[in-house]
Amino acid sequence: MFVDNVKIYIKAGNGGKGAISFRREKGIPNGGPDGGNGGRGGNIVFRATRDLNNLVAFRYHAHFRAQNGQAGGSNNKIGKSGEDLIIKVPQGTIIKDDETGKVIADMFYLNKDVIILAGGEGGKGNCFFKSPTRQAPHFSQMGESTKEYAVRLELKTIADVGLIGYPNVGKSTLLSVVSNARPKIANYHFTTLSPNLGVVKYYEHNFIVADIPGLIEGASEGQGLGHEFLRHIERTRLLVHVIDISREEGRDPYNDYLTINEELKKFNKELAKRPQIVVLNKMDKVRDYASIDEFKYRIGKNKKVICVSAICRQNIEELIKTIWQELEKLPKLEPLEIEEYELDKKDKTEIIVNKVSNNVYEVSGGFIENISRGIVVNDYESLSYFWKRLKNDGIVDILKKKGVKDGDTIRIGKVDFEYIE
Ligand SMILES: Nc1nc2c(ncn2[C@@H]2O[C@H](COP(=O)(O)OP(=O)(O)OP(=O)(O)O)[C@@H](O)[C@H]2O)c(=O)[nH]1
Ligand SMILES: [Mg+2]
């Protein structure tokens, strides 16, 4: 089964809770607060690899959670951070927000880690809340809790060269003789059912070749395996168009050439304009060399045509050299140009005040979420700390502007407070 589009669920780790603790040492009966901060939650990190060429593994494993941070400890001990979760995907995987369809990242570069979700911040320990007027705070901050998101992974293979052509013309055989790949080869149509990638070495250089299932006339209407796999050669720089010159199957080679190019055009006009090298394969079976001259004449002088026998490894060095020389002239591939888009945008300055009914005002936003992690409703000191923050950070002013009066209710998260002037 070949899978190049899947939905998965990811969640970064929660931050650990800050500790509430007081020093207890011999000779220091009322030691100060020494509760340490909680640890950070682990990030969700994506990494592109060439060890994979499809997304099938994600069909069976679709939920990914990074480790939570641990709680802080006494003696100002900071909680252990959660470990990052590294998700390996084939190079060329595009990560989208499943809800909005917006692209978050293009996993274009090998081994370049991309943080898609950041772990939650650890909460502050009670030591942090100590002040001249608050010598022994009995409260600490909760760790930041993170949300789960659904993302869609879409593979669009990255390779320098794409092999195209009718079924059974020897594309996979060619890939197996030029590269390290060992694709399935057999004497029937549609042996290749999903893309194969191979690395070709040419002196100190190397380049990637992608072999896809064969195309036939009408592929755009779903004939054969259809057009579906062409998107895996859209991100190539050069196409190698393989043609069976032996006429073994009774088709005319030049007609094959035109038909496949027509199918390319129907899929994507840009792809049809991509530079092509034409490879006439199965030369070992050719008795009548006039047909080669005829092909070359019909295709025109300015097209590059190379005659090979993949099976006999005849002229393969010449082919590799020609491909490399062409590639050198072509611009390098670039990742998708995407607008910056973060999945879990945390605006820690955002303050939203809404009047929800006559006497009730709801306060929300990243700023509030952050400071409200410190409220312990049944702890007087904790509440007074919280009120102070609301006053000092201008939230009370905003409430006043909105018309709040003595005795009104202020709703923050799930907690209601009475507003007292
Ligand atoms: N005589 C001869 N046969 C070849 C040559 N190259 C490939 N073949 C044979 O052609 C048949 C098809 O080869 P494949 O490499 O599977 O062809 P393909 O184009 O990948 O086919 P699909 O995956 O079905 O699209 C196999 O039996 C190969 O052994 C060649 O140079 N000469
Ligand atoms: Mg094949």
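Calculation notes
- Residues numbered from 1 in each chain as written.
- Chains lettered and ligands numbered in written order.
- Predicted model: local features only at pLDDT ≥ 70, side-chain atom pairs only at ≥ 80, totals over all residues.
- Helix = DSSP H or I, 4+ residues; strand = E, 2+ residues; numbered from the N terminus.
- Rg over C-alpha atoms; globule rule 2.2 N^0.38 Å.
- Buried ≥ 20, exposed ≤ 12 C-beta atoms within 10 Å, placed from the backbone.
- Contact = placed C-beta atoms within 7 Å.
- Domains from an automatic or database assignment.
- Nonpolar A, V, L, I, M, F, W, Y, C, P; charged D, E, K, R; others polar.
- Pairing = 2+ DSSP bridges.
- Axes fitted to C-alpha atoms, helices over the stretch in contact; angles between N-to-C directions.
- Expected span 1.5 Å × (residues − 1).
- Arc of directions from axis to C-beta.
- Near = placed C-beta within 6 Å.
- Core = buried A, V, L, I, M, F, W, Y, C linked by C-beta atoms within 7 Å.

Trainee: How do you make sense of the overall build of the chain when you look at a structure like this?
Mentor: Looking only at helices and strands, the chain features nine helices and 18 strands. On C-alpha atoms alone, the chain measures out to a radius of gyration of 32 Å, which is more than a quarter above the 22 Å that the 2.2 N^0.38 rule sets for 421 residues. Expressed along its principal axes, the backbone C-alpha trace of the chain runs to roughly 100 × 55 × 35 Å. Each of the 421 residues in the chain was classed as buried or not, and the buried ones make up 39%. Once local pairs closer than 6 in sequence are excluded, the contacts in the chain between residues at least 24 apart make up 70%.

Trainee: Would you mind going over the domain arrangement of the chain with me for this structure?
Mentor: Where interface size is quoted, it is often the accessible area lost as the parts come together. Taken domain by domain, the chain comprises domain 1 (1-155), domain 2 (161-329) and domain 3 (352-418). Look at where the C-alpha atoms of domain 1 and domain 3 centre, and you get two points 28 Å apart. The interface of domain 1 with domain 3 comprises nine residues on the first partner and seven residues on the second. A breakdown of the residues in the side of domain 1 that touches domain 3 according to their chemical character gives four nonpolar, three polar and two charged.

Trainee: Would you mind going over the pairing of strand 10 (residues 196-202) with me for this structure?
Mentor: Remember that side chains alternate between the two faces of the sheet whenever the strand is regular. Pairing of strand 10 with strand 11 (residues 205-211) involves seven bridges; the strand directions are antiparallel. Directly across from asparagine 196, in strand 11, lies its bridge partner aspartate 211.

Trainee: What exactly am I supposed to notice about the sheet that holds strand 2 (residues 44-49) here?
Mentor: The pairing of strands in a sheet happens through backbone hydrogen bonds and is either parallel or antiparallel. In space, the three strands of this open sheet follow the order 4-2-7, with mixed pairing throughout. One side of each edge strand has no neighbouring strand; the edge strands of this open sheet are strand 4 (85-90) and strand 7 (114-117). Strand-to-strand, the axes of this sheet are offset by a mean angle of 35 degrees, without reference to chain direction. As paired strands, strand 2 and strand 4 are joined by six bridges and run parallel to one another. Note on strand 4: the bridge partner recorded for alanine 48 is valine 89.

Trainee: I keep staring at helix 8 (residues 380-392) and nothing clicks. Help me out?
Mentor: Along an α-helix, residues three or four positions apart point the same way, because every turn accommodates 3.6 residues. The end-to-end C-alpha separation of helix 8 is 18 Å, in line with the 18 Å expected for 13 residues at 1.5 Å each. Within helix 8 the residues assigned to the buried category are Ser382, Tyr385, Phe386 and Leu390. Each buried residue of helix 8 sits inside an arc of 140 degrees when the element is viewed along its axis, so together they form one side. Turned more than 90 degrees from where helix 8 packs its buried face, Tyr380, Ser384, Lys391 and Asn392 sit exposed. Those residues of helix 8 that are buried lie in contact with helix 7 (366-372) and helix 9 (395-401). Positive phi shows up at glycine 394, right after helix 8, with a value of about 85 degrees.

Trainee: Would you take a moment to explain the site of ligand 1 for this structure?
Mentor: Close contacts around ligand 1 come from 23 residues, with Gly170, Ser172, Asn187, Thr192 and Gly214 the closest. Looking at the shell around ligand 1, the element that brings in the most residues is helix 2 (residues 171-178), giving three residues. Taken together, the residues that form the shell around ligand 1 break down as eight nonpolar, 11 polar and four charged.

Trainee: I'm lost on helix 2 in this one. Help?
Mentor: With respect to burial, helix 2 is a largely interior element, seven of its eight residues being buried. Three or more residues of helix 2 are buried, namely Lys171, Ser172, Thr173, Leu174, Leu175, Val177 and Val178.

Trainee: What exactly am I supposed to notice about the pairing of strand 13 (residues 276-281) here?
Mentor: Most of strand 13 is tucked away: five of the six residues are buried. Bridge count for strand 12 (residues 238-244) against strand 13 is six bridges, and the pairing is parallel. Paired with valine 242 across the bridge in strand 13 is valine 279. As paired strands, strand 13 and strand 14 (residues 304-307) are joined by four bridges and run parallel to one another. Looking at strand 14, one finds that leucine 280 is bridged to cysteine 307.

Trainee: Would you mind showing me how to read the packing of helix 3 (residues 253-267) against helix 5 (residues 290-299) here?
Mentor: Helix-helix packing is characterised by the crossing angle of the two axes and by the distance between the axes. Packing of helix 3 against helix 5 leaves a shortest axis separation of 9 Å and a crossing angle of 35 degrees. Every residue of helix 5 that contacts helix 3 at Pro253, Tyr254 and Tyr257 is listed here: Phe295, Arg298 and Ile299. For the contact of helix 3 with helix 5, a count of residues per class yields five nonpolar, no polar and one charged.

Trainee: Got a minute to help me understand the sheet that holds strand 5 (residues 93-97) in this structure?
Mentor: Spatially, five strands are ordered 3-1-8-5-6 in an open sheet, and the strand pairing comes out mixed. Each end of this open sheet is capped by a strand with a single partner; those strands are strand 3 (63-65) and strand 6 (103-107). Ignoring which end each strand starts from, the neighbouring axes of this sheet average 25 degrees apart. Here three bridges tie strand 1 (residues 5-11) to strand 3, and the two strands are oriented parallel to one another. Residue lysine 11 lies in a different strand from strand 3, and its bridge partner there is arginine 65.

Trainee: Explanation requested: unusual backbone geometry in the structure shown.
Mentor: Excluding glycine, residues mostly have negative phi values, and the peptide bonds linking residues are mostly trans. The phi torsion at asparagine 75 lies on the positive side, around 65 degrees, for a residue other than glycine. Positive phi, normally seen in glycine, also occurs at phenylalanine 190, with a value near 60 degrees. Residue placement: phenylalanine 190 occurs in the loop between helix 2 and strand 10. Of the residues examined, phenylalanine 190 has 13 C-beta atoms within 10 Å and is grouped as partly exposed.

Trainee: What's the story with the environment of alanine 310 in this structure? I'm lost.
Mentor: Along the chain, alanine 310 falls in the loop between strand 14 and helix 6 (316-329). Leaving out residues up to four positions away in the same chain, alanine 310 has contacts with Gly170, Thr173, Leu174, Val177 and Asn281.

Trainee: Would you explain the nonpolar core in this entry?
Mentor: In summary, soluble globular proteins display a tendency toward joint burial of nonpolar side chains. Leu163, Val209, Ala210, Val240, Ile243, Val279 and Leu280 are the most contacted members of the largest nonpolar core, which has 43 residues in total. Looking at this core, the elements with two or more residues in it are strand 9 (161-164), helix 2, strand 10, strand 11, strand 12, helix 3, strand 13 and helix 6. For this core, the element with the highest residue contribution is strand 12, accounting for five residues. The residues contacting valine 279, other than those within four sequence positions of it, are Val240, His241, Val242, Ile243, Ile306, Val308 and Leu319. Formed by 23 residues, the second largest nonpolar core is a distinct cluster that contains Leu85, Ile104, Leu117 and Ala118.

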